[in-house]
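Each chain, letter by letter, is given below.
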Amino acid sequence: MEYLRKPLFTFTQQWKPLSCIQHRYCSKSANFSVASRERKTTVDKFKSQVSSGPSFQDFIRGVSVNKSFVADEEYRHGYLSEDLELGNSRKVYFETYGCQMNVNDTEIAWSILQRKGYQRTVHLSEADVVLLVTCSIREKAEQTIWNRLQQLTAMKKKRLKTHTPMKIGILGCMAERLKTELLEREKLVDVLAGPDAYRDLPRLLTVADGGQQASNVLLSLEETYADIMPVHHAPQGHSAFVSIMRGCDNMCSYCIVPFTRGRERSRPVSSILEEVRMLSDQGVKEVTLLGQNVNSYRDTSEEQFCGSEPTALSRGFNTIYRTKQGGLRFSDLLDQVSLIDPDMRIRFTSPHPKDFPDEVLHLIAERRNICKQIHLPAQSGSSKVLKAMRRGYTREAYLDLVKHIKRIIPEVSLSSDFISGFCGETDDDHLQTLSLIREVGYNVGFLFAYSMRKKTHASHRLQDDVPAEVKQRRLEECITVFREEAARVNAALISSTQLVLVEGESKRSAKDLCGRTDGNMKVIFPKEDVAVLPAESNTAPVSAGDYVLVKILSANSQSLRGRGLSHSSLRGSVRHYETLPSHRHDEHVASDSSMIERCS
């Protein structure tokens, strides 16, 4: 399918075509000799450019070129001087929608603009440039953006009389998928930049300042932004996302990701380790490794990594693409990342169940700082529906993998994704999904009604034949069962002591603190001083970024509630479960129904 596009012309060096970028003013008093000298200078400059311009090889599609140039050179254009691409302290306001990858994309885009002299603002009223980092995973996500564009356009019109008119840009998946509609529909957008075109943002914004719409949504086979150090804006600086790969090759029939983010390509190990070390030096206590299919990571950037060993899949799983050869795998990366800082938690999302060979599972079990929590997207409990989804496994294979994971990592916490009402799903298929949810016992879930997306395999080959009201009913039933099972799983943690990484104050009460366990469960506990160390009488206040041992007193489907015991650390803590009296407290926490979308 023609969803990957490469430029027809690739220049091995910077070549500036003749173009009038210097303003010329007509005057009857102009000196003829000065004009003559200017023309001669222009001609000489043009001859010089031609002599150093592209060779015949540059016009042959697919020809290999020297890749030793600086990455930003790719987006320097001769008709705009570098000075014109400077931000000149203009203020940029970001709004980020969708999955965690979009959070990381925001940090990359901001890093690029910051280098060019832009400033960032958290106040929309101050913004000269408003950039929406968008998601196309569901129709509802796109409709949210359309509504937001209407609001921003009304604000933009009010500012047209000012000296700095507002510019509006759409970044990410929606920019690639709906480029024509975004540019033409009521002229709402000034700039479009797809997921692989963030380096081009300074030029696009410069073109937009000239009164024209500017767009670059070309997908790349190589772009990983490996040389761009994201500017992290994590809450309180205690956690951060690190992108390790981009794109996806799975081609699940319902998924738009391969068409908006392109083919899989992995960031070099050295680049990832450098970023994680930098975050460790800054005091970050938790890093989440990100990718559309994060555990399919395969670094072939260096010759010594390009062996002949085939990629190992989970038992009973297959792919629609050929087995891949060579490269450093996810287990290699996870091993090296976990060694950087023993007191830094390591998470990863979003994985595919097919990419959990035993070496990954044993590594998770052995390393104290690799969280014992695995996101295992099932999508359906029916083998028939899974086949239509092109997931590469059956219900039985998925359940065998769950049992295998629990044998190797007995204390593991599992989360999952489910889609209700996929093409051809029957009531029996739906009941099989409900039974799978009950059998596995997840503590976190991301559940959605199916939304047909153009370009996907399903849109071409399948019929969206489940009525909207049936989808919604099945979704509500899945959510109900999910919460019942999550409440049961979480109740088993009552009376245990959990190591919690504190995120800050609870959203519901300034008297409480909120943090997360190794299993990624939210824990609420009173904001009060706790012992400096276990079994010590000296106390100290608790701050965001601290590790605290918390006794769990009550639980519901969404969170745990407890009381802080003492400060601790990953290296100093011992995972243990203490028995309290048999009665359970009736204290409950209001459920939080918000869900972050995941691209998996």
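Structure: see above.
A brief structural summary. (Residues numbered from 1 in each chain as written. Predicted model: local features only at pLDDT ≥ 70, side-chain atom pairs only at ≥ 80, totals over all residues. Heavy atoms only, no water.)

Here we look at helix α6 (residues 201-209)
For step 1, the next point in the chain: In terms of burial, α6 is a largely internal element, 8 of the 9 residues being buried.
For step 2, the next point in the chain: Within α6 the residues assigned to the buried category are L201, P202, R203, L204, L205, T206, V207 and A208.
For step 3, the next point in the chain: Remark: G211 follows α6 within two positions and exhibits a positive phi of approximately 95°. (Buried < 20%, exposed > 50% of the residue type's maximum accessible area, 1.4 Å probe, protein only. Helix = DSSP H or I, 4+ residues; strand = E, 2+ residues; numbered from the N terminus.)

Considering the packing of helix α8 (residues 269-281) against helix α9 (residues 330-340)
For step 1, the next point in the chain: At a minimum axis distance of 10 Å, the contact between α8 and α9 shows a crossing angle of 25°. By the criterion of interaxial angle, the relationship of α8 to α9 is roughly parallel. Crossing handedness for the pair α8 and α9: right-handed. For the pair formed by α8 and α9, the contact residues are V269, I272, L273, V276, R277 and S280 on the first element and L333, Q336, V337 and I340 on the second.
For step 2, the next point in the chain: Partitioning the contact of α8 with α9 into residue classes produces 7 nonpolar, 2 polar and 1 charged. (Axes fitted to C-alpha atoms, helices over the stretch in contact; angles between N-to-C directions. Parallel < 35°, antiparallel > 145°, perpendicular 65-115°, else oblique. Left-handed = near helix turned anticlockwise from the far one by under 90°. Contact = heavy atoms within 4.5 Å. Nonpolar A, V, L, I, M, F, W, Y, C, P; charged D, E, K, R; others polar.)

A closer look at the pairing of strand β3 (residues 129-134)
For step 1, the next point in the chain: The element β3 is extensively covered by neighbouring structure, given that 6 of its 6 residues are classed as buried.
For step 2, the next point in the chain: Two strands pair when backbone bridges link them, and strand β1 (residues 91-96) and β3 are joined in this way by 5 bridges, in the parallel orientation. What sits directly across from T96, in β3, is V133.
For step 3, the next point in the chain: By the bridge criterion, 6 bridges tie β3 to strand β4 (residues 167-172) in an arrangement that is parallel. (Pairing = 2+ DSSP bridges.)

Brief notes about the pattern of salt bridges
For step 1, the next point in the chain: Taken as a whole, this structure holds 34 salt bridges when the rule is applied.
For step 2, the next point in the chain: The closest approach of N and O atoms between R148 and E95, which form a salt bridge, is 2.5 Å. Remark: E95 occurs in strand β1 and R148 occurs in helix α3 (residues 139-158); sequence separation between them is 53 residues.
For step 3, the next point in the chain: Among the residues examined, E95 registers a relative accessible area of 10% and is labelled buried.
For step 4, the next point in the chain: In this structure, the salt-bridge partner of R246 is D196, at a minimum N-O distance of 3.9 Å. In this pair, R246 is assigned in strand β8 (residues 245-246) and D196 in the loop between β5 (191-193) and α6, connecting sequence segments 50 residues apart. Taken as a pair, R246 and D196 share a single burial class, namely buried.
For step 5, the next point in the chain: Via salt bridges that share partners, D105, D196, R246, R261 and R265 belong to a single interconnected network. (Salt bridge = Lys/Arg side-chain N within 4 Å of Asp/Glu carboxyl O.)

Remarks on the nonpolar core
The nonpolar side chains of a soluble globular protein tend to be buried, and buried together.
For step 1, the next point in the chain: Within the largest apolar cluster, 73 residues are counted, with the highest numbers of intra-cluster contacts made by L289, I374 and Y442.
For step 2, the next point in the chain: Ranked by the residues each element gives to this core, the list is headed by helix α12 (residues 395-408), at 7 residues.
For step 3, the next point in the chain: Excluding anything up to four places from it in sequence, I374 contacts F356, L361, I364, I405, I409, V412, S413, L414 and S415.
For step 4, the next point in the chain: F94, W110, L131 and A214 belong to the second largest nonpolar core, which has 24 residues in total. (Core = buried A, V, L, I, M, F, W, Y, C linked by side-chain atoms within 4.5 Å.)

A look at the packing of aromatic side chains
For step 1, the next point in the chain: Here the structure, examined in full by the defined rule, presents 11 aromatic pairs.
For step 2, the next point in the chain: Seen in terms of ring centroids, Y254 and F422 are 6.3 Å apart; in terms of plane orientation they differ by 80°. Their pairing is edge-to-face. Here Y254, found in the loop between β8 and α7 (257-261), pairs with F422, found in the loop between β15 (413-420) and α13 (427-440); they are 168 residues apart in sequence, far enough to count as distant. An identical accessibility class is assigned to Y254 and F422; each is buried.
For step 3, the next point in the chain: Taking the centre distance of 5.9 Å and the plane angle of 75° together, the rings of F418 and Y442 count as edge-to-face. A residue pair is termed long-range when its members are at least 10 positions apart, and F418 in strand β15 and Y442 in the loop between α13 and β16 (444-449) qualify at 24 residues.
For step 4, the next point in the chain: Classification of F418 by relative accessible area gives buried; the value is 1%.
For step 5, the next point in the chain: Through a chain of ring-to-ring contacts, three or more aromatic side chains come together here, namely Y254, F422 and Y450.
For step 6, the next point in the chain: Geometry around Y321 places K324 over its ring, the cationic atom sitting 4.5 Å from the centre. (Phe/Tyr/Trp six-rings, centres within 6.5 Å; stacked < 30°, edge-to-face > 60°. Lys NZ or Arg CZ within 6 Å of the ring centre and 35° of its normal.)

Some words on the environment of R390
For step 1, the next point in the chain: Relative to the assigned elements, R390 resides in the loop between α11 (383-389) and α12.
For step 2, the next point in the chain: Looking at R390, the relative accessible area reads 26%, which means it is partly exposed.
For step 3, the next point in the chain: Linking R390 and N250, residues 140 residues apart in sequence, is a C-alpha distance of 8.3 Å.
For step 4, the next point in the chain: Leaving out residues up to four positions away in the same chain, R390 has contacts with M251, C252, S253, I320 and H457.

Some words on the sheet that holds β15
For step 1, the next point in the chain: The 3 strands are arranged β14-β15-β16 in an open sheet whose pairing can be described as parallel. Each edge of the sheet is formed by a strand with only one pairing partner; in this case those strands are β14 (373-375) and β16. Across the sheet, the mean angle separating the axes of adjacent strands is 10° when strand polarity is ignored.
For step 2, the next point in the chain: Here β14 runs beside β15; their pairing, made up of 3 bridges, is parallel. Pairing of H375 across the sheet is with S415, part of β15.

Structural notes on the pairing of strand β23 (residues 559-568)
For step 1, the next point in the chain: Counting buried positions along β23 yields 8 of 10 residues, so the element is predominantly enclosed.
For step 2, the next point in the chain: Bridge analysis of strand β19 (residues 522-526) against β23 gives 3 bridges, and the strand direction is parallel. Its bridge partner lying in β23, V523 is registered against L560.
For step 3, the next point in the chain: Linkage of strand β22 (residues 547-555) to β23, two consecutive antiparallel strands, is achieved through a turn of 3 residues.

Structural notes on the sheet that holds β1
For step 1, the next point in the chain: Taken in spatial order, the 6 strands of this open sheet run β2-β1-β3-β4-β5-β6, and their pairing is parallel. The open sheet has two edge strands, β2 (119-120) and β6 (214-216), and neither has a second partner.

Brief notes about unusual backbone geometry
For step 1, the next point in the chain: The peptide bond linking T349 to S350 adopts the cis configuration, its omega dihedral lying at 0°.
For step 2, the next point in the chain: Mapping S350 onto the fold places it in the loop between β13 (345-349) and α10 (358-366).
For step 3, the next point in the chain: Unlike most non-glycine residues, Q379 shows phi in positive territory, near 75°.
For step 4, the next point in the chain: Mapped onto the elements of the fold, Q379 is located in the loop between β14 and α11.
For step 5, the next point in the chain: The phi dihedral of R390 is positive, around 60°, even though this residue is not glycine.

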